[in-house]
Number of protein chains: 2
Amino acid sequence: MSSSPVAPRVTLLAGGVGGARLAHGLALALPGGGAPDDEGRGLTAVVNVGDDTERHGLHVAPDLDTVVYTLAGANDEDRGWGLQGESYATLEQLTRLGEDTWFTLGDKDLATHVVRTAALRAGEPLSAVTARLAAALGVRARILPVTDDRLRTLVDTPSGRVAFQEYFVRRRHADAVLGLTFDGAGTALPAPGVLDALTGADVLVVAPSNPFLSVDPVLAVPGVRAAVESSTARRVAVSPIVGGRAIKGPAAQILETLGHEVSALGVARLYTGLVDVMTIDDADAALAGPIRDLGLDVVVTDTVMGGPAGRERLARELLAAVGHRAP
Amino acid sequence: MSSSPVAPRVTLLAGGVGGARLAHGLALALPGGGAPDDEGRGLTAVVNVGDDTERHGLHVAPDLDTVVYTLAGANDEDRGWGLQGESYATLEQLTRLGEDTWFTLGDKDLATHVVRTAALRAGEPLSAVTARLAAALGVRARILPVTDDRLRTLVDTPSGRVAFQEYFVRRRHADAVLGLTFDGAGTALPAPGVLDALTGADVLVVAPSNPFLSVDPVLAVPGVRAAVESSTARRVAVSPIVGGRAIKGPAAQILETLGHEVSALGVARLYTGLVDVMTIDDADAALAGPIRDLGLDVVVTDTVMGGPAGRERLARELLAAVGHRAP
């Protein structure tokens, strides 16, 4: 592999925390915070919206916000979501007014949802208001919701089908996941720029996000999976499973209940045909051989990103592995 | 006049601060905080909605909220509006996100607007969500918006026609008011209960609110003025002008620019035919004769209410003046 002297066009498929951290690393590794130049060289994150929800009449987009807040350096890193230095005066008053407030919304975070909701009601697409909010917070990379249309992940559990945030937040992802439905995906259109960002990428990265809850709903939008499969980009995924466990969230349980091996190899099998390179953690070095047997290249490194330095390191290693040295 | 031994049916026409204070006094004077009994004996406030506005996509109803917050004992008495102990984290973040935030909204206050907006979008009438919010805050009197329909006060100024809050808040009511339009009034229906509360009242009180900005838009809803004019209730108004000046707000300037005398007598002339009794301040005792010449009874007392004790005192005096001693 030869290294290219110019910044690559990098497109990231991302969910929440894992996607946001790798997006942050790529933004740090690429020139200008990942701001795309006139030829699209830079970072585009294509983000899951299956976890979007309506709370108190406001449109909440947790994955989009986690990516934007993280790139803005404003994410609450201890919790993994929401803004730093939050207060909860509005939520406490909503409780007092009789609202069911199991979904925590900070005062500053609410401003995002208020602006987004007003924009959507006025007919502005989700992608447009997301770009506006990201720019206002100083984010230079391009953040695209995978679709401007309604797409909602529904979770089949032993006690029935529930909305995603009901499963994830209210019931603390304690239920066994028997199946997933991406309501609206069948008729959703990719947001403007999404397909071009996939087919025109030099490097296509699948973030260490939950394959079922974060990546699958992105791929479920018509045209997206085909664009990834047919892309001429070098395509690299990072396993969200390290040492048989998820870095965060219920990925391990879901792999298990849906009948997959709970390992980086199990993830690699899911991504065969979608990516060329599988990135696994040092702890899983023994799985490199079996993953190569699937026809994938393997990068073995420290995939647990932690803070900004670790994120940038991993991003640079991924880019180097597919022949692009970040300038 | 004889005093009735049972609580009267009291209906108050109210705008913001002056209306809220007198509503509070009446609620304190009547049994059970003014909670209507099975026969409607208690307090009903019919409140202006011409100053309602949409900010950041949220439906804000300043007069309704001032009345509800004041009756709940939660109003910020220093400012005259909003809730006590407010913070502004959401507003500051809205500013950061590029929103134009000249209309101040506290974090707790926002909860009201969020709940109301969600309810209205879901098809709940303004009167229903107002009742729900008032009950949640412990208000026992009945608070009715004059209409559930859209009614917006527009203000003609030397620099053109502007929306009410543009005139009142953004431009700090500094413009000369050349005329007023109550947009939507022509087709608005009185909210459920409004006409009954007017025609079935024992005592009908016009609060010391701005006659043009607060009382006129209430009267502009079809059927309301006729119900007041034909009501068999004893009808009493309190002058918002004391010693030739308004207690609060631009009532004096508007009387002047619209060609009325800036005095309790000027106000009494506006209310001739609507009320039987005019209540004026001790400072205006000299106007009692000219007001009686209009065919009105006159009560001269201290009309500047101040805190709860002064509000209750004035309320009791008004009720006594029309033959109803509060039990």
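Predicted model only: the values in this text are computed from it and were never measured.

Cut-offs used in this document
- Residues numbered from 1 in each chain as written.
- Chains lettered and ligands numbered in written order.
- Predicted model: local features only at pLDDT ≥ 70, side-chain atom pairs only at ≥ 80, totals over all residues.
- Heavy atoms only, no water.
- Helix = DSSP H or I, 4+ residues; strand = E, 2+ residues; numbered from the N terminus.
- Rg over C-alpha atoms; globule rule 2.2 N^0.38 Å.
- Buried < 20%, exposed > 50% of the residue type's maximum accessible area, 1.4 Å probe, protein only.
- Lys, Arg positive; Asp, Glu negative; His and termini not counted.
- Charge placed at Lys NZ, Arg CZ, Asp CG, Glu CD.
- Least-squares fit on C-alpha atoms with pLDDT ≥ 70 in both.
- Contact = heavy atoms within 4.5 Å.
- Buried area = accessible area lost by both parts, 1.4 Å probe.
- Salt bridge = Lys/Arg side-chain N within 4 Å of Asp/Glu carboxyl O.
- Polar contact = N/O pair within 3.5 Å; in protein donor to acceptor, adjacent residues only side chain to side chain.
- Nonpolar A, V, L, I, M, F, W, Y, C, P; charged D, E, K, R; others polar.
- Pairing = 2+ DSSP bridges.
- Axes fitted to C-alpha atoms, helices over the stretch in contact; angles between N-to-C directions.
- Phe/Tyr/Trp six-rings, centres within 6.5 Å; stacked < 30°, edge-to-face > 60°.
- Lys NZ or Arg CZ within 6 Å of the ring centre and 35° of its normal.

Novice: Teacher, can you tell me more about the overall build of chain A here?
Specialist: Secondary structure assignment for chain A yields 13 helices and 14 strands. Against the globule reference of 20 Å for 327 residues, chain A gives a C-alpha radius of gyration of 19 Å, in line with a compact fold. By its C-alpha atoms, chain A is 60 × 45 × 35 Å across when sized along the principal axes. Here chain A, with 327 residues, has 57% of them falling under the buried criterion. For chain A, the centre of its 29 positive side-chain charges and the centre of its 39 negative side-chain charges are spaced 1 Å apart.

Novice: Please explain the relation of the copies chain A and chain B as it appears in this structure.
Specialist: For the pair of chain copies, the relating transformation is a rotation about an axis with a translation along it. Structural alignment of chain A on chain B gives an RMSD of 0.0 Å, achieved by rotating through 180° and translating 0.0 Å along the axis. Here the transformation between the copies is reduced to the relation of a two-fold axis. Measuring from the rotation axis to each C-alpha of chain A, the shortest distance belongs to Asp 107 of chain A, at 3.4 Å. By residue overlap, the copies meet face to face through one surface: 100% of the interface positions of chain A are interface positions in chain B.

Novice: Whenever I open this one, the interface of chain A and chain B confuses me. Can you help?
Specialist: When the parts come together, some accessible area is lost, and that loss is often what is quoted as the size of the interface. Facing the 25 residues of chain A at the interface are 25 residues of chain B. Roughly 2100 Å² is buried in total at the junction of chain A and chain B, and carbon and sulfur atoms are behind 70% of that figure. Of all residues in chain A, Gln 93, Leu 97 and Val 114 of chain A bury the most surface against chain B, accounting for 25% of the area lost on that side. The interface formed by chain A and chain B contains 0 salt bridges. Counting across the interface, chain A meets chain B through 2 residue pairs in polar contact (both at pLDDT 80 or more). Of the residues forming the side of chain A that touches chain B, the biggest block, 9 residues, is contributed by helix H4 (residues 107–121) of chain A. Class assignment for the residues of the side of chain A that touches chain B results in 13 nonpolar, 6 polar and 6 charged.

Novice: How should I be thinking about the sheet that holds strand E10 (residues 234–238) of chain A in this particular structure?
Specialist: The pairing of strands in a sheet happens through backbone hydrogen bonds and is either parallel or antiparallel. All names here are of chain A. If you walk across this open sheet you meet the 7 strands as E5-E2-E1-E9-E10-E13-E14, and the pairing is parallel. What marks the edges here is a single partner per strand, and that holds for strand E5 (142–145) and strand E14 (297–301). Adjacent strand axes in the sheet meet at a mean angle of 20°, parallel and antiparallel pairs treated alike. Strand direction decides the pairing type here: strand E2 (residues 42–47) and E5, joined by 4 bridges, are parallel. By the bridge assignment, Thr 44 is partnered in E5 with Arg 142. The strands that helix H2 (residues 62–71) touches are E2 and E5; relative to E5, the one it contacts most, it runs at about 175°.

Novice: Teacher, can you tell me more about the packing of aromatic side chains here?
Specialist: In this description, a pair of aromatic rings is defined by centroid distance and the angle of the planes. The final tally for this structure, using the stated rule, is 8 aromatic pairs over all chains. Consider the rings of Trp 102 of chain B and Phe 103 of chain B, whose centres lie 6.0 Å apart with planes at 80°: the pair is edge-to-face. Seen from their ring centres, Phe 164 of chain B and Phe 168 of chain B are 5.1 Å apart, and the 20° between their planes marks the pair as stacked. Residue Phe 164 of chain B and its partner Phe 168 of chain B are both found in helix H6 (residues 164–170); the two are separated by 4 residues, about one turn of the helix. The exposure class assigned to Phe 168 of chain B is partly exposed, which follows from its relative accessible area of 29%. In this structure, Arg 79 of chain A is placed above the aromatic ring of Trp 81 of chain A, and the distance from its NZ or CZ to the ring centre is 3.9 Å.

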